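# Inside the fold
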Amino acid sequence: MTTITPLAPDDDAFDDINDTISDTTSLASSILAYRQENGRTYHAYKEGAYVLPNDQIENERLDLQHNLLLATFDGKLHCAPLTQSPARVLDAGCGTGIWSIDFADEHPDSEVTGVDLSPIQPTFVPPNVRFYVDDLEDDWTFTTQFDFIFSRFMTGSIRDFPRYFKQCYDSLAPGGTLELIDIVYPITSDDGSLKPEHATHKWSHLLQEAFSGNDRPLNTALKYKEQLAAEGFVDIHEVKEKWPISPWALDKKHKQLGAWARENALQALSALSLAIFTRSKEQRGLGWSVEELDALLADVKKEFSDLTIHGYWPICSVYAKKPE
């Protein structure tokens, strides 16, 4: 990714961060028999394909994250310009379904299809939304093409993005649009205030290392533009943003994003780390004990309250079109 303007820190921020942050489908019973591990539940369908939990705690966090993304992109559900409501839309990796529902509400003439590994979406949804359980890494079997495919936060979930992009390309109607929104690990800083000795630095690099060891790295967004071009997409654009790890930024928007991103991260730390850190090396985990992980995360949480550490997650949207 190309360099973007550094954020200026708010040097007058309070030391105490607490002052700064004020169609459902018939499903086989096996899909609902979620794996339980360390007090959390995980996808049963294609077990292991996604290492974050699918329980209520995580679902609520995903909805919070949806609102954080809305704030990031100034209230827009997508960055790609859509000159008219697309007739058929695919939400690839829809999670709780909140984006599908919001888009369907905004575009009542669009038919929205959401696909995910878990049936965690609500039962009562707009009439133009359908949710299905499937694995997006399998061969796609859609019988008609889409006008808009939206894929958000799939880094860490897809092993072969060039193949994924080929399936997106083949499933798009001529002139159709694909948009990808993703986070990039590890956490970084523009001014060197996030140092190698910080727990946040250690945790985010270990997380990236562990996901990479599972052939699902967390920095895949860095290659999206060139991979899309190689697949034949045209009119490729990238919109870059930053999520500060706390409200350290002087800029009002990014201070607010920092407050939201911090809350999102505090809720995500355990969910994101538990499986990948504590599974054995034979299971392609790091082989840590829960106690070791808890100690590290405790230090990370403290640093998420230190406004002198100007860390952030790079966030980017990449959108492109299939030629007419």
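Because the structure is a prediction, the values reported are computed rather than measured. (Residues numbered from 1 in each chain as written. Predicted model: local features only at pLDDT ≥ 70, side-chain atom pairs only at ≥ 80, totals over all residues. Heavy atoms only, no water.)

This part is about the nonpolar core. Membership of the largest hydrophobic core comes to 56 residues, with the highest contact counts inside it found for Tyr-185, Trp-203, Leu-207, Trp-243, Phe-277 and Trp-313. A per-element tally of this core places helix α8 (residues 252-278) first, with eight residues. Ignoring sequence-local partners within four residues, the contact set of Trp-243 consists of Gln-65, Leu-68, Leu-69, Thr-72, Phe-153, Ile-183, Ala-261, Asn-264, Gly-311, Tyr-312, Trp-313 and Ile-315. Grouped together as the second largest cluster of nonpolar side chains are 25 residues, Leu-90, Trp-140, Tyr-164 and Leu-178 included. (Core = buried A, V, L, I, M, F, W, Y, C linked by side-chain atoms within 4.5 Å. Buried < 20%, exposed > 50% of the residue type's maximum accessible area, 1.4 Å probe, protein only. Helix = DSSP H or I, 4+ residues; strand = E, 2+ residues; numbered from the N terminus. Contact = heavy atoms within 4.5 Å.)

Turning our attention to the packing of helix α5 (residues 161-171) against helix α7 (residues 224-231). Orientation of α5 relative to α7, taken along the N-to-C sense of each, is 50 degrees, at an axis distance of 10 Å. Classified by the angle between their axes, α5 and α7 sit oblique to one another. The crossing of α5 and α7 is right-handed. Contact with α5, carried on its side by Phe-161, Pro-162, Phe-165, Lys-166 and Tyr-169, involves Tyr-224, Gln-227, Leu-228 and Glu-231 of α7 and no other residues of that element. Class assignment for the residues of the contact of α5 with α7 results in six nonpolar, one polar and two charged. (Axes fitted to C-alpha atoms, helices over the stretch in contact; angles between N-to-C directions. Parallel < 35°, antiparallel > 145°, perpendicular 65-115°, else oblique. Left-handed = near helix turned anticlockwise from the far one by under 90°. Nonpolar A, V, L, I, M, F, W, Y, C, P; charged D, E, K, R; others polar.)

It is generally the case that most residues other than glycine have a negative phi and that most peptide bonds are trans. Cis peptide bonds are those with omega within 30 degrees of zero, and the linkage from Tyr-185 to Pro-186 qualifies with 0 degrees. Position of Pro-186 relative to the elements: it lies in the loop between β7 (172-183) and β8 (188-189). Unlike most non-glycine residues, Asp-215 shows phi in positive territory, near 60 degrees. If you trace the backbone, Asp-215 turns up in the loop between α6 (199-213) and α7. Positive phi values are uncommon outside glycine, yet Asp-235 reaches one of about 50 degrees. Mapped onto the fold, Asp-235 is located in strand β9 (residues 234-244).

To continue, consider α6. End to end, α6 covers 21 Å across 15 residues, agreeing with the expected 21 Å (1.5 Å per residue, within 8%). When we look at burial in α6, the residues that qualify are Ala-199, Thr-200, His-201, Trp-203, Ser-204, Leu-206, Leu-207, Gln-208, Ala-210 and Phe-211. The inward-facing, buried residues of α6 contact α8 and α9 (290-303). Just past α6, the residue Asp-215 takes up positive phi, approximately 60 degrees. (Expected span 1.5 Å × (residues − 1).)

So, on to the packing of α8 against α9. Taken N-terminus to C-terminus, the directions of α8 and α9 make an angle of 150 degrees; their axes are 10 Å apart at the nearest point. Taken together, the axis directions place α8 and α9 in an arrangement best described as roughly antiparallel. Here α8 and α9 pass one another in a crossing that is right-handed. Contacts between α8 and α9 involve Leu-266, Leu-269, Ser-270, Ser-273, Leu-274, Phe-277 and Thr-278 from the former and Val-290, Leu-293, Leu-296, Leu-297, Val-300 and Lys-301 from the latter. Partitioning the contact of α8 with α9 into residue classes produces nine nonpolar, three polar and one charged.

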